[in-house]
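Structure at a glance
The primary structure of each chain is shown beneath.
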Amino acid sequence: GDSVTQMEGPVTLSEEAFLTINCTYTATGYPSLFWYVQYPGEGLQLLLKATKADDKGSNKGFEATYRKETTSFHLEKGSVQVSDSAVYFCALTAHTGGFKTIFGAGTRLFVKA
Amino acid sequence: SQTIHQWPATLVQPVGSPLSLECTVEGTSNPNLYWYRQAAGRGLQLLFYSVGIGQISSEVPQNLSASRPQDRQFILSSKKLLLSDSGFYLCAWGPGQGETPTQYFGPGTRLTVL
């Protein structure tokens, strides 16, 4: 079945460092891919998305490119801030009835001042 | 604009007691609705999803149930809570067929079973 694998955390970076969180997926067909972010004690928020191969999603300085050849959707940011500290979830949704979404296990990011 | 509400925000219940968590969505029609559970420090587990009134699909066998009595209302219930039911419960909605399947999450309910 469909699955999402993302790098284990926690990831600890200093402010202004470059961030990469790896995400790979297994799916039949052509799923949509997402990154969600969860701040402490809150629900998940959509960070960015891509719906087809070679699409680049971007938001708040974060970017991820839908790579079908490597089945990857790695999250990157050029310069992280303390306020980026959160848990990041990679997810895919297959275009079947109900639009079930498969989430990765989440990667916790700590950014130190 | 669309909004999603969940209540209560926190709940402490004894083992064996009943449970009812409610989720409502505003500003959209015929949404797909979802219940997830997130154990401490863990990822999301899909519990139930619904594509319409009275239509519920269960993803994992457990002592929980879900109902959708109205188009934008989704209820998670249990007759007798177990210790293992503790966790952070998230409701989400998403558009129906034909649109990008983004999910929008509520603020969550933190349930502690003692």
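The structure contained in this document is the topic of the report that follows.

**A short note on the side chain of Thr101 of chain A**
Tracing the chain through its elements places Thr101 of chain A in strand E11 (residues 101-103). A residue is classified by how much of its surface remains accessible, and Thr101 of chain A, at 4% relative accessible area, is buried. Separated by 2.6 Å, the side chains of Thr101 of chain A and Thr93 of chain A make a polar contact. A polar contact is formed between the side chain of Thr101 of chain A and the side chain of Gln103 of chain B, at a distance of 2.9 Å. Sequence-distant contacts of Thr101 of chain A, defined by excluding residues within four places in its chain, comprise Ala91, Leu92 and Thr93 of chain A together with Tyr36, Pro101 and Gln103 of chain B.

**A short note on the sheet that holds strand E8 (residues 73-78) of chain B**
Residue and element names in this part refer to chain B. With antiparallel pairing, the 4 strands of this open sheet are ordered in space as E1-E3-E8-E7. Because the sheet does not close on itself, it has two edges, and the strands there are strand E1 (3-7) and strand E7 (64-70). Averaged over all pairs of adjacent strands, the angle between their axes in this sheet comes to 20 degrees, without regard to strand direction.

**Focus on the environment of Ile102 of chain A**
Turning to its location among the elements, Ile102 of chain A is positioned in strand E11. The spatial distance from the C-alpha of Ile102 of chain A to the C-alpha of Ala91 of chain A is 5.4 Å, given a sequence separation of 11 residues.

**A look at the interface of chain A and chain B**
Residue-level contacts link 23 residues of chain A with 25 residues of chain B. Together, the buried faces of chain A and chain B total about 1700 Å²; carbon and sulfur atoms form 60% of this surface. Taken together, chain A and chain B are joined by 0 salt bridges. One can count 4 residue pairs in polar contact (both at pLDDT 80 or more) joining chain A with chain B. Of all the secondary structure elements, the ones that give two or more residues to the side of chain A that touches chain B are strand E5 (32-38), strand E6 (44-50), strand E10 (86-93) and E11 of chain A. At 4 residues, E5 of chain A tops the list of elements feeding residues into the side of chain A that touches chain B. Within the side of chain A that touches chain B, the residues separate by chemical class into 8 nonpolar, 12 polar and 3 charged.

Each value, and the rule that gives it
- Residues numbered from 1 in each chain as written.
- Chains lettered and ligands numbered in written order.
- Predicted model: local features only at pLDDT ≥ 70, side-chain atom pairs only at ≥ 80, totals over all residues.
- Heavy atoms only, no water.
- Helix = DSSP H or I, 4+ residues; strand = E, 2+ residues; numbered from the N terminus.
- Buried < 20%, exposed > 50% of the residue type's maximum accessible area, 1.4 Å probe, protein only.
- Polar contact = N/O pair within 3.5 Å; in protein donor to acceptor, adjacent residues only side chain to side chain.
- Contact = heavy atoms within 4.5 Å.
- Pairing = 2+ DSSP bridges.
- Axes fitted to C-alpha atoms, helices over the stretch in contact; angles between N-to-C directions.
- Buried area = accessible area lost by both parts, 1.4 Å probe.
- Salt bridge = Lys/Arg side-chain N within 4 Å of Asp/Glu carboxyl O.
- Nonpolar A, V, L, I, M, F, W, Y, C, P; charged D, E, K, R; others polar.

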